Structure formats: structure tokens, C-alpha cells
Amino acid sequence: MPAIKFTERSNRMQTGNKRKKRILVVSGNQYRAIKMHGITKRFSESVEFIYGPGCVLCSGNKDFFHRLVAISKQENVIIATGDNYLKIPGNGSTLEKERRKGREIRTVYTINDVLLLAKHKRRDKIVFPALGFETMAAATAAAILQAKVAGLFNFTVLNGHRPLLDLVASVLPFVKTDALLFSPYDVTVLGTGVVETFVSKNKMPAAIPGDEPEQLHRAIKYLEKQDSPGMYVDPQFILKAEGEIKSQQLINEVFETVNGDEKDIFKTPYYSIASMYTLHDAEKRLPATHYQTRENACPCHDIIKGKNTPFQCRYFKKECNPLNPLGPCMASREGLCQIEFLYTKE
Ligand code: SF4
């Protein structure tokens, strides 16, 4: 097998005379679809797919799940969340285990269900754990405003929302990519204009396809050929250049953008609930003073940052598997560890 090397002029991988284009697939869902539908094989001669940082559950700070599980143990607290949060370890337990011990952990499908719960359970403190990027941050902001107007001061959010493009920018130095693939869901609030500016600043092309195999195929074909900055948007999606202004206003109203400090695992900006909405901030209302601060053994964050692969983790496929995940990268269907576990044959 010919040696694989990086050129100085370009980050593209060379195999003999053939140059492989490295595409960073920002969304965990799209990376999963690419693996699941065998698209990696179709482009095996020309493209190398790099996992991006867009896994919602993996984007929280390291203590997010320690804090969440610790809060679930407090009196008169109901955690209302999607079932994807249940198996993620924190504070020496998981929400699933705490539910078995009798703690109130409710599975909800939308944030409106959480508001309804808050309305019917006024004596309890309802906690909604919120991770993800602008699209989800806008929904959380809308719910906080609704709760404020309705006087639902028992509705609180354990917030871990982050700006997507700052997170992507933070991994670019590690992953050496030639092109970017974004999901329309992730960028609909930001707008294509902001994405275009981002890719032109980083001197690379980008594509925004849907998750269906033929949509991904068309976008990858475009990126395979495109060497200069440029953007392909799947014609089946109507994305505005300026984004969703109303959603942006909601985010600006409810959140402040704060720079990541030393304690922040990604050291990139994050959205913090503004002080006038403190009553809805679970971190302030329900301080979890007893959560474990010891380092979790799971090195998920190095995997998200592209510094390591799951195959380099000593727990992968041993103590850690989708039925017994040690971290969000294995617990989440968007996480690289789960995707490699299910779709890569060694
Ligand atoms: S294999 Fe498990 S322990 Fe290792 S990084 Fe992935 S989730 Fe964490």
C-alpha cells in the first residue's frame, strides 16, 4: 500500500498520485447516514470523511451530566428530557438508574410538553436539560419567554447551548479538512450568508444537503470537485441567506454569549442564560453542590476535537458499548463511538 502523506501546500491526503479530499461532516446525524448507507465506500478512492463536532449530547461541558444527575437527586425536582439523555453517566449514576430508584425523570418529546408539565406540577421544580446549537437554543429561548409570561417560575433549564460555528472553528486546526458538510437543520437559524462568510474566511467550499443518501451523494460530488470557496445548498431546502431573524432575536433576548474559560472543555463561546431570566436557570436555582468533580475516565472530548479516535480508547467495545455507554459519544446516536461501533467492521 502506498504511503499516505500530507503536502505542505494542501491538507489533502495523497495516496500515490490520487489525492483524497478530506470532508468534515459537521453533523453527527449526517456522518451516521454516510456510514450507514455505505457512502464512504462509494467515495473510497477520492474522499476521506472526518467526523465533526456537531453531536448535540457530546457538546456539553464535562460536568453537564454530573450536574444533571446530581440535580435529579434533589427533593421536589422533576427532570423532563428526551430518552437520549437517560443513559449518559454523571455523578456516579445515570438518569435511568435514578428513575429506577424512584426519582422523577419524565420522558418528553417537545419542549412544549415540559411547559405543560410545569403548569400541572406547580409545586415541583421542573428541569429541562438543553444542549445543542442555534436551532435548539432558539426553541429553548422561546420556552423560557413563554414560561416567564405565563408565570411558570418552576420551569428551569439546565443550559449547555453553544454557537455552532465557533465549535467548528475550534476543531479545524486539529482535523485538517478541505471542505465542510453542514446539515440544514443546524444552520437554518444562522442562515447561509453566515456560513458562506465562514467558509470563505477558511478558504474552503461547503455543502448543505439533506440526510437522504441521494442528497448526500449530490453534495459530496460537488465538494469532490470544488477546490475554491463556494457553497452548494440542496435545492429541496429553502434556507434564507439572513437566517431566521425571529429565532436570532429570541436567542439574543434570552442568552448572552460568553467566552469559554479554562473550565470549558472546548474553550469556545457558549450561550449563558441572561441575568433577567435567572429564575429559569437551573444552574442558579438548583446549585448541585455535591456533584463529582473527579475526571471522568471517558475521553469523549478528545474524540470530538479530532485528537483521538474511538479505536484509541481503551474502553471502546469493552466496558463501553451502546448498552453500557461510558460517555455521550457512545450513548448518542450522533456520537462517533456509537457510529464506529455499529458501522465500522475491523
Ligand atoms: S469508547 Fe466510551 S469511554 Fe471511550 S471515548 Fe467513547 S464513549 Fe468514551
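A brief report on the enclosed structure follows.

Calculation notes
- Residues numbered from 1 in each chain as written.
- Predicted model: local features only at pLDDT ≥ 70, side-chain atom pairs only at ≥ 80, totals over all residues.
- Heavy atoms only, no water.
- Helix = DSSP H or I, 4+ residues; strand = E, 2+ residues; numbered from the N terminus.
- Rg over C-alpha atoms; globule rule 2.2 N^0.38 Å.
- Buried < 20%, exposed > 50% of the residue type's maximum accessible area, 1.4 Å probe, protein only.
- Contact = heavy atoms within 4.5 Å.
- Areas by Shrake-Rupley, 256 points an atom, 1.4 Å probe, with all protein chains shown as cover.
- Salt bridge = Lys/Arg side-chain N within 4 Å of Asp/Glu carboxyl O.
- Disulfide = S-S within 2.5 Å.
- Near = heavy atom within 4 Å.
- Nonpolar A, V, L, I, M, F, W, Y, C, P; charged D, E, K, R; others polar.
- Pairing = 2+ DSSP bridges.
- Axes fitted to C-alpha atoms, helices over the stretch in contact; angles between N-to-C directions.
- Parallel < 35°, antiparallel > 145°, perpendicular 65-115°, else oblique.
- Left-handed = near helix turned anticlockwise from the far one by under 90°.

When helices and strands are tallied, the chain shows 15 helices and 13 strands. A compact globule built from 346 residues should have a C-alpha radius of gyration of about 20 Å, and the chain, at 21 Å, falls within 12% of that. Along the first, second and third principal axes, the C-alpha set of the chain runs to 70 × 45 × 35 Å. Each of the 346 residues in the chain was classed as buried or not, and the buried ones make up 53%. For the chain, restricting intrachain contacts to residue pairs at least 6 apart in sequence, the fraction spanning at least 24 positions comes to 73%. Here the chain displays about 16,400 Å² of accessible surface, and carbon together with sulfur accounts for 51% of that area.

This part is about the pattern of salt bridges. Summed over all chains, the structure comprises 14 salt bridges. Between Glu 340 and Lys 35 there is a salt bridge, and its shortest N-O distance comes to 3.3 Å. Separated by 305 residues along the polypeptide, Glu 340 in helix 15 (residues 336–343) and Lys 35 in helix 1 (residues 28–36) bring together distant segments of the chain. Here Glu 340 matches Lys 35 in class, with each residue buried. The salt bridge partner of Arg 103 is Glu 98, with a shortest N-O separation of 4.0 Å. What makes Glu 98 buried here is its relative accessible area of 2%. Each of Glu 75, Glu 98, Lys 101 and Arg 103 takes part in a single network of salt bridges with overlapping partners.

What follows is about the state of the cysteines. Under the definition given, this model contains 2 disulfides. Here the cysteine-cysteine linkages of the chain are recorded as 1-2, 3-4, numbering only bonded cysteines and doing so in sequence order.

So, on to the site of the ligand. Cys 298, Ile 303, Cys 313, Cys 320 and Cys 337 are the nearest of the 13 residues found near the ligand. Elements with a contribution of two residues or more to the shell around the ligand: helix 13 (300–304) and helix 14 (328–331). Here the residues of the shell around the ligand are counted per class, giving 12 nonpolar, 1 polar and no charged.

Spatially, 6-5-7-8 is the arrangement adopted by the 4 strands of the open sheet, whose pairing is parallel. Of all strands in the sheet, those bounded by a partner on one side alone are strand 6 (104–107) and strand 8 (155–161). For this sheet, the mean inter-axis angle between neighbouring strands, taken without regard to orientation, is 25°. Alignment of strand 5 (residues 77–81) against strand 6, held across 4 bridges, turns out to be parallel. Residue pairing in the sheet places Ile 79 in a bridge with Ile 105 of strand 6. Running at roughly 165° to strand 7 (residues 125–132), helix 5 (residues 111–120) makes contact with strand 5, strand 6, strand 7 and strand 8 of the sheet. On top of the sheet, helix 6 (residues 134–150) reaches strand 7 and strand 8; it is set at about 160° to strand 8, its chief contact.

Each packed pair of helices is defined by two parameters, the angle between the axes and the distance between the axes. Across the interface, helix 5 lies against helix 6 with an axial gap of 10 Å and an inter-helix angle of 20°. What the angle tells us is that helix 5 and helix 6 run roughly parallel. The two elements helix 5 and helix 6 cross, and the hand of that crossing is right-handed. Side by side, helix 5 and helix 6 meet where Ile 111, Asn 112 and Leu 115 of the first sit next to Ala 139, Thr 140, Ala 143, Gln 146 and Ala 147 of the second. Broken down by class, the residue content of the contact of helix 5 with helix 6 amounts to 5 nonpolar, 3 polar and no charged.

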